[in-house]
Amino acid sequence: GKGWMTEHLVQYQGFWLTPNAALKNLMWVQDHFKPRPTDIFLASFPKSGTTWLKALIFATVNRTRYGFADHPLLTTGPHDCFPFLDAHLQEKDRSRFDLDRFPSPRLLSIHIPYILLPNSMTDHQSCRFVYICRDPKDVLVSKWLFLNKLRPKEFPPISLEEAFELFCQGISHYGPFWDHVLGYWEASLETPEKILFLKYEDLKKEPLVVVKRLGDFLGYPFSLEEESKGVVEEIVKLCSFENLSTLEVNKVSVQKFSKDTIIDNQHFFRKGKVGDWKSYLTTEMVERLDEITYEKLLGSGLVFGS
Ligand code: A3P
């Protein structure tokens, strides 16, 4: 039987969603959301580096507005600087989150699979997307530990075996993982000017290169003067795991995702490493997950480093 982790997930058009939050929000986005051509969407599968990229995009787009000494990211969490598109449905006080009054460019984050997005968002004339993905072995481990932190105390801990089995079957918030990634990957090949496809591992390895690409893609290219003044380095430093995870705001405040889901910001910062799965997964688990990934991505041109 399903435990706490999945009893609240339903399958909708092939993807696993929470009926009260994710599905309701998706319906709202499909029926009512009006994108602007200037909108910037950050799309991701949960636990792929959303929090990090929120900070990087926010800092890149707003770099001429704020100095690094008193930057908003030092006192406001990435999820408040760069909210989830559907978060406003949860907000009782609509005035605090009125999408129509957001200044352009609006920075909005989504976990919605590409094929479930309304045409108004995927239309070529319209807004831009940055997608971030991550090695599914790290996503699985990050997700499992995250869920255990969110777990209401009356439920027993979720075992790694259970989390692994469900993940392999595609049963995970917004899963299957592979379909989510492939949806954005294929769309990014078709319309590269509209979708920038990034990997957590590349961002870790070459943050300066990736942040410069982000600037170019989003229409905020770094000038030679900025580069020589070390602006890109400053952004990377400001948004680093080491910096963000130690800030008071990211240790104390909370995120409200739905009536029942209130998450401490600190849970979005665990380790921030590539390959931490090595400390948790058995050889058999690694082989099976790599095999599934290999088969699902075969022929797509997309690979994850192992
Ligand atoms: P780990 O659990 O492996 O540490 P998301 O933001 O999509 O929920 O993903 C969370 C993962 O990103 C967690 O991974 C978290 O530690 C990591 N993360 C958060 N902020 C980061 C940062 N500034 N740099 C690198 N990784 C970060």
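An unreviewed UniProt entry lists the protein chain under the name Sulfotransferase, with Gossypium arboreum as the source organism. The record held by UniProt for the protein chain lists under Sequence similarities (unreviewed entry) the comment "Belongs to the sulfotransferase 1 family."

A. Representation of the pairing of strand 3 (residues 40-44) in the model. Summarising burial for strand 3: five of the five residues are buried, a large majority. Of the two faces of strand 3, the one lined by Ile40, Leu42 and Ser44 and the one lined by Phe41 and Ala43 are each fully buried. Sheet topology note: the strand 3/strand 4 (residues 107-110) ladder contains four bridges and is parallel. Residue Phe41 lies in a different strand from strand 4, and its bridge partner there is Leu108. In the sheet, strand 3 pairs with strand 5 (residues 128-133) via five bridges, with the strands oriented parallel. Residue Ser44 lies in a different strand from strand 5, and its bridge partner there is Ile132.

B. A look at the site of the ligand. The immediate surroundings of the ligand are formed by 18 residues, with Thr50, Thr51, Ser142, Arg270 and Lys271 found nearest. For the ligand, an oxygen atom lies 2.6 Å from a polar atom in the side chain of Thr50. Between Cys239 and the ligand, the recorded distance is 2.9 Å, taken from a backbone N or O atom to a nitrogen atom. For the ligand, whose accessible area on its own is 570 Å², the fraction buried by protein is 98%. Those elements that place two or more of their residues in the shell around the ligand are helix 3 (50-61) and helix 9 (200-205). In terms of residue count, helix 3 provides more of the shell around the ligand than any other element does, three residues in total. Residue composition of the shell around the ligand, by class: six nonpolar, seven polar and five charged.

C. Spatial organisation of the packing of helix 3 against helix 10 (residues 207-218). Where helix 3 contacts helix 10, the axes come no closer than 10 Å and their chain directions differ by 60 degrees. Considering the angle they form, helix 3 stands oblique to helix 10. For the pair helix 3 and helix 10, the sense of crossing is right-handed. Here Leu53, Leu56, Ile57, Thr60 and Val61 of helix 3 lie close against helix 10, whose contacting residues are Val211, Leu214, Gly215 and Leu218. Its residues assigned to classes, the contact of helix 3 with helix 10 comprises seven nonpolar, two polar and no charged.

Cut-offs applied
Residues numbered from 1 in each chain as written. Predicted model: local features only at pLDDT ≥ 70, side-chain atom pairs only at ≥ 80, totals over all residues. Heavy atoms only, no water. UniProt positions renumbered as here; feature names shortened; annotations may be inferred. Buried < 20%, exposed > 50% of the residue type's maximum accessible area, 1.4 Å probe, protein only. Helix = DSSP H or I, 4+ residues; strand = E, 2+ residues; numbered from the N terminus. Pairing = 2+ DSSP bridges. Near = heavy atom within 4 Å. Polar contact = N/O pair within 3.5 Å; in protein donor to acceptor, adjacent residues only side chain to side chain. Areas by Shrake-Rupley, 256 points an atom, 1.4 Å probe, with all protein chains shown as cover. Nonpolar A, V, L, I, M, F, W, Y, C, P; charged D, E, K, R; others polar. Axes fitted to C-alpha atoms, helices over the stretch in contact; angles between N-to-C directions. Parallel < 35°, antiparallel > 145°, perpendicular 65-115°, else oblique. Left-handed = near helix turned anticlockwise from the far one by under 90°. Contact = heavy atoms within 4.5 Å.

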